[in-house]
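Observations on the model geometry
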Amino acid sequence: MISFFLSFERPGEPQARVGEAELSRFAAILKRAPGLEKALLFTPERAHDPYLDDGPPPILAAQLYFAEIAALEAALARRGPLQPLADAGEIPSLAGAQATQQAMLARIFPVPDPQPRTPAGGFPCSYLVAYEGAAQDPDLWLAYYLEHHPPLMARLPGVREIEIYTRLDWCGFLPFRRALHLQRNKVAFDDKAALDAALDSPARHEMRADFAKFPPFDGRVSHYAMATRRLLP
């Protein structure tokens, strides 16, 4: 599965938000893409992480899943259905925001209980992590991560999804800066309270101990809690 990430940030404006009407317009544009298998929309949430505080999250992010690279590239073509995302008139709250994009290979890992139990009227909560720099030896780094970290993630209490994303080359014409993150990952929970509990659990403490064993990596690692709206399917 191919996963396309789109993120909008406003550094220095921690209270900035996108209104519901604009979120609906943004979602409608995303759903025009032929071949779109799954679509998620992320808005800011605030979790308590005993180890980290990476500051305000993006004001809006999206994750689009395609079964093959050709479908993604058709959506991102010069006259493709996602081009209106770059039109400031469509979503005024995003005008001037720092936008980034990246397509990646999605690796999906099993969890003990994937059945969601989000309270009525609430949103699931995802923890989006990005390794934004470079590894001294990317193959060694990824091999270690993929072997050691997912089993620890699966022990987080209440985890509903685990996905890890690795880089690939792709062709697209949205006029946003391309991120070149070495890797991303996502763990999803029923709500913010469930994420908070997982972040202060024994499994999380084991993950931090494992982090200290990673092969050499140079660069920022970001962690953001995001309320998650499922647009498709």
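Look up a bit, the structure's there.
As the structure is a computational prediction, the values presented were derived from the model and not from experiment.

Rules used throughout
Residues numbered from 1 in each chain as written. Predicted model: local features only at pLDDT ≥ 70, side-chain atom pairs only at ≥ 80, totals over all residues. Heavy atoms only, no water. Pairing = 2+ DSSP bridges. Helix = DSSP H or I, 4+ residues; strand = E, 2+ residues; numbered from the N terminus. Core = buried A, V, L, I, M, F, W, Y, C linked by side-chain atoms within 4.5 Å. Buried < 20%, exposed > 50% of the residue type's maximum accessible area, 1.4 Å probe, protein only. Phe/Tyr/Trp six-rings, centres within 6.5 Å; stacked < 30°, edge-to-face > 60°. Lys NZ or Arg CZ within 6 Å of the ring centre and 35° of its normal. Arc of directions from axis to C-beta. Contact = heavy atoms within 4.5 Å. Salt bridge = Lys/Arg side-chain N within 4 Å of Asp/Glu carboxyl O.

1. Some details on the pairing of strand 4 (residues 98-109)
- With 8 bridges joining them, strand 1 (residues 2-9) and strand 4 adopt antiparallel strand pairing. Its bridge partner lying in strand 4, E9 is registered against Q98.
- Summarising the sheet, strand 4 and strand 8 (residues 177-178) pair through 2 bridges and their orientation is parallel. Within the sheet, the bridge partner assigned to T100 lies in strand 8 and is R177.

2. Some details on the nonpolar core
- One finds F8 and F26 to be the most contacted residues of the largest nonpolar core, which totals 35 residues.
- In terms of residue count, helix 1 (residues 20-30) provides more of this core than any other element does, 5 residues in total.
- Y131, V159, A194 and M207 belong to the second largest nonpolar core, which has 29 residues in total.

3. Re the packing of aromatic side chains
- Taken as a whole and assessed by the stated rule, the structure comprises 14 aromatic pairs.
- Relative to F176, the ring of F8 has its centre 5.6 Å away and its plane inclined at 80 degrees; by these criteria the two rings are edge-to-face. Linking F8 in strand 1 with F176 in the loop between strand 7 (161-167) and strand 8, this pair joins segments that are 168 residues apart in sequence.
- Among the residues examined, F8 registers a relative accessible area of 2% and is labelled buried.
- With a relative accessible area of 15%, F176 lands in the buried category.
- Three or more aromatic residues joined by ring pairs form one cluster here, namely Y131, W141, Y144, Y145, F211, F214 and F217.
- It is R184 that lies over the ring of F5; its NZ or CZ is 4.6 Å from the centre.

4. Brief notes about helix 1
- Every buried residue belonging to helix 1 is among E22, L23, F26, A27, I29 and L30, and all of these are buried. Along the axis of helix 1, the buried positions cluster into a sector of 155 degrees, meaning they face one direction only.
- On its buried face, helix 1 sits against strand 1, strand 2 (36-44), strand 3 (60-66) and strand 11 (221-232).

5. Things to note about the pattern of salt bridges
- For the coordinates displayed, the defined rule picks out 13 salt bridges.
- A salt bridge links D49 to R204, with the nearest nitrogen and oxygen atoms 3.1 Å apart. Linking D49 in the loop between strand 2 and strand 3 with R204 in helix 5 (residues 202-211), this pair joins segments that are 155 residues apart in sequence.
- Through salt bridges with shared partners, a single ionic network connects K38, E161, E163 and K186.

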